[in-house]
Amino acid sequence: MARKTLTWTMTTMLSLGLVLSGCSSSTTESASTPQPAKETAKAGAESAQPAKKVTIKMMHLWPTGNSATQNKIVNDIIKEYQTANPNVTIEQEVLENEQYKNKMKVLSTSNALPDVGFTWAAGYMDPYVKGDMFAPLDDLLQGDLKDKFVNGTTNAYAFGGKTYGLPVELNIVPVYYNKAIFAKYNLQVPKTYDEFKNVVKILSTNGVAPIALGNKDRWTGSLWYMYLADRIGGPETLKKAIDRTGSFNDPGLVRAASEITQLVDMNGFNKGFNGLSNDEGKAEFMNSKAAMYMMGTWELPNYTTNKDVPQAFKDQIGFFKFPTVDGGKGNLDSWVGGPGVGLFVANNSKVKEESKKFVSFFVQKWGEHAITEAGVIPATKVDTSKVKLPQMYIDLLNELNKASNITLFADVQMKPASAEVHLNMIQALFGKAVSPEEFAKKHEEALAKEGK
């Protein structure tokens, strides 16, 4: 999803090659040749040697159509890199989110991944790492990128003590709400889940869709389930069920599924939500037909800086943290979210070292441009005192700084087969095609089969 959400150089290699070459030829020179003359000749040979032409193939998921700003930043970074390194050409292939995932699957079957591309963390990466398709990038983290990332953001890209991807985005998931609709019905921002359900009840009774949701994409509904699992069972319950130190039959996880069916029964979501894409569901909120919309901070530009969105609408949007559940083990400062997409370098790339150099450059430049130009929170550290940002950004960055926990998206935590079962079960749960108990059972069966 666009959760939809990174050194060594060819110069070093060339210099080393030339030094070795010079050392080899020096054995045939006269012993009377002055040493300074040798060094001068060697330096002249080095300076005369043209840089080797390098082509790096890069694949990313920000088309100009629906991700115009991110696309522009990518192109700006590439242009800047090519200007500084005229011997390097970056060839791009750009695909939208689902097409990108499908292309990755196809390319992996023949181990023909691009030199540089984007990956999601944890479970998504697992088969690529086990297939030895991604190169370790720890040398970058100990080099130019040392101490550049927000603490913990690279952990989800680490396997067996090595880091195979570098995140460019960091997202948390707030509940955005329309202050004008809330004011019309004298509603207050809910702090408890009982208060939240009362808001849903009042809005639904008055013919207003309480929550905008497009669950055809399935991961959108998973966000709601994850928060309920966190607030009821605590932040470790879902994680343990996935890593097999716990179980999906945990009462907290079953109750979270039950709360979803209750929200559906209360007409908590816009009509036809299970057959709508995320963009179609979001339109209900953007058109002020729904009062709330829960989504990652990648949506922030729509409520702050996006010039295509009317200022009057942006002025009436606020956010709140998912409410606590009475008797639950979770707290208000625990978030669903985590790093978004991250950069990888193909392990069998013929230009691996130059690709690593480009990745290091890209991560740093993305951090400089993303928040001010695209409204995307980067995974690298942001000094808010040095950038001018809308208040909503400042508020959410401050919330991020005091977060007690960030639970990585469930389908990203899981291996591919289990993730697919999870997403299918989410849609079935919201469609009331399975009971909460069946929902838990199917997860348990899938996770047990796939193992850890």
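This is a predicted model, so every value here is computed, not measured.

Rules used in this analysis
Residues numbered from 1 in each chain as written. Predicted model: local features only at pLDDT ≥ 70, side-chain atom pairs only at ≥ 80, totals over all residues. Heavy atoms only, no water. Salt bridge = Lys/Arg side-chain N within 4 Å of Asp/Glu carboxyl O. Helix = DSSP H or I, 4+ residues; strand = E, 2+ residues; numbered from the N terminus. Buried < 20%, exposed > 50% of the residue type's maximum accessible area, 1.4 Å probe, protein only. Phe/Tyr/Trp six-rings, centres within 6.5 Å; stacked < 30°, edge-to-face > 60°. Lys NZ or Arg CZ within 6 Å of the ring centre and 35° of its normal. pLDDT = per-residue confidence, 0-100. Contact = heavy atoms within 4.5 Å. Pairing = 2+ DSSP bridges. Axes fitted to C-alpha atoms, helices over the stretch in contact; angles between N-to-C directions.

Evaluated as defined, the whole model comprises 18 salt bridges. Notably, a salt bridge pairs glutamate 80 with lysine 365, separated by 3.1 Å at the nearest N-O pair. Of this pair, glutamate 80 sits in helix α3 (residues 68–84) while lysine 365 is found in helix α14 (residues 352–374), placing the two residues 285 residues apart along the sequence. A residue is classified by how much of its surface remains accessible, and glutamate 80, at 33% relative accessible area, is partly exposed. Note on lysine 365: relative accessible area 17%, which makes it buried. Measuring nitrogen to oxygen at the nearest pair gives 3.2 Å for the salt bridge that ties glutamate 399 to lysine 321. Placement of the pair is glutamate 399 in helix α15 (residues 391–401) and lysine 321 in the loop between β11 (317–320) and β12 (334–339), with a sequence separation of 78 residues. Look at glutamate 399 and you get buried, because its relative accessible area is 13%. Using a relative accessible area of 14% as the deciding quantity, one classes lysine 321 as buried.

Within the structure shown, the criterion is met by 34 aromatic pairs. For the pair tyrosine 81 and phenylalanine 358, a centre-to-centre distance of 5.1 Å together with 65 degrees between the ring planes defines the contact as edge-to-face. Here tyrosine 81, found in helix α3, pairs with phenylalanine 358, found in helix α14; they are 277 residues apart in sequence, far enough to count as distant. With relative accessibility at 1%, the residue tyrosine 81 sits in the buried group. Its relative accessible area of 0% is what places phenylalanine 358 among the buried residues. Taking the centre distance of 6.1 Å and the plane angle of 25 degrees together, the rings of tyrosine 193 and phenylalanine 322 count as stacked. Of this pair, tyrosine 193 sits in helix α8 (residues 193–205) while phenylalanine 322 sits in the loop between β11 and β12; the two residues are 129 residues apart in sequence, bridging distant segments of the chain. Taken together, the ring pairs connect Tyr193, Phe196, Trp224, Tyr227, Phe269, Phe273, Phe322 and Phe430 into an aromatic cluster. Cation over ring: lysine 101 sits above tryptophan 120, and NZ or CZ is 4.7 Å from the ring centre.

A separate point is unusual backbone geometry. Positive phi values are uncommon outside glycine, yet asparagine 267 reaches one of about 55 degrees. By secondary structure assignment, the location of asparagine 267 is in the loop between α11 (251–265) and α12 (278–286). Here serine 288, not a glycine, exhibits a phi torsion of approximately 60 degrees, which is positive. Mapped onto the elements of the fold, serine 288 is located in the loop between α12 and β10 (290–294). You can call serine 288 partly exposed: its relative accessible area is 32%.

Let us now look at the confidence of the model for the chain. Of the residues in the chain, 89% reach a pLDDT of 70 or more, and the chain-wide mean stands at 87. This stretch, residues 4–47, has a pLDDT under 50; its non-local contacts, to residues over four places away or in other chains, come to 43 contacts.

What the 4 strands build is an open sheet, ordered β9-β10-β8-β11; its pairing is mixed. Among the strands making up the open sheet, the edge pair consists of β9 (209–211) and β11. Here the average twist between neighbouring strands, direction ignored, is 25 degrees. Pairing of β9 with β10 involves 2 bridges; the strand directions are parallel. Residue alanine 209 lies in a different strand from β10, and its bridge partner there is alanine 290.

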